[in-house]
Amino acid sequence: MAKILFVMTGADQWTLADGTKHPTGYWADEAVAPYEAFKAAGHEITVATPGGVVPPVDAASLSPRPTTARRTPPGSGALPRPPPNSTPRSR
């Protein structure tokens, strides 16, 4: 099987323009879902970060989500559908 290199963030905070610190890290679902899928398929995975630090998880990604959130099953490849009667927003 393939050898896969996961290069993840080593940063645990952002410094905003006003000088305040904002906590950050990797988003759990975005790392765990593909990692588990690749492992289950028999691939060899190496995780690396700048400086060789332990990748910090963004604590917000571990918080329970509201029950009203629309989710698709992991690995389905489908994008969540917008709620009925919604209008796309322009930027």
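Residues numbered from 1 in each chain as written. Predicted model: local features only at pLDDT ≥ 70, side-chain atom pairs only at ≥ 80, totals over all residues. Heavy atoms only, no water.

### With respect to the nonpolar core
Rule in force here: Only buried residues count toward a nonpolar core, which is a set of Ala, Val, Leu, Ile, Met, Phe, Trp, Tyr and Cys residues joined through side-chain atoms within 4.5 Å. Throughout, exposure labels follow a simple rule: accessible area from a 1.4 Å probe, protein chains only, divided by the maximum for the residue type, with under 20% read as buried, over 50% as exposed, and the rest as partly exposed. Residues count as neighbours in contact if any of their non-hydrogen atoms are within 4.5 Å of one another.
Ile4, Phe6, Met8, Ala31 and Ile45 form the largest nonpolar core, which has five residues in total. Ignoring any residue separated from it by four or fewer positions in sequence, one finds Ile4 in contact with Phe38, His43, Glu44, Ile45 and Thr46.

### So, the packing of aromatic side chains
The test is simple: Any Phe, Tyr or Trp ring, taking Trp's six-membered ring, that has another such ring centre within 6.5 Å forms a pair; planes under 30 degrees apart are called stacked, those over 60 apart edge-to-face, and the others tilted. Runs of E in the DSSP output that reach at least two residues are strands. Runs of H or I that reach at least four are helices, and both are numbered from the N terminus.
Across all of its chains, the model carries two aromatic pairs by this definition. For the pair Phe6 and Tyr35, a centre-to-centre distance of 6.0 Å together with 80° between the ring planes defines the contact as edge-to-face. Placement of the pair is Phe6 in strand β1 (residues 3-7) and Tyr35 in helix α1 (residues 28-40), with a sequence separation of 29 residues. We classify Phe6 as buried; its relative accessible area is 12%.

### Let's talk about the environment of Gln13
Inspection of the secondary structure assignment puts Gln13 in strand β2 (residues 13-15). Separated by twelve residues in the primary sequence, Gln13 and Gly25 have C-alpha atoms spaced 7.2 Å apart. When neighbours within four sequence positions are excluded, Gln13 is seen to be in contact with Lys21, His22, Pro23 and Thr24.

### Here we look at the side chain of Asp58
In plain terms, the rule: In protein, a polar contact requires one atom able to donate a hydrogen and another able to accept it; more generally it is a pair of N or O atoms within 3.5 Å, and residues adjacent in sequence count only if both atoms are side-chain atoms.
Following the sequence through the fold, Asp58 ends up in the segment after β4 (44-48). Here Asp58 falls in the buried class, since its relative accessible area comes to 15%. A polar atom in the side chain of Asp58 sits 2.9 Å from the backbone nitrogen of Ala60. Residues contacting Asp58, with those up to four places away along its chain left out, are Thr24, Gly25, Tyr26 and Trp27.

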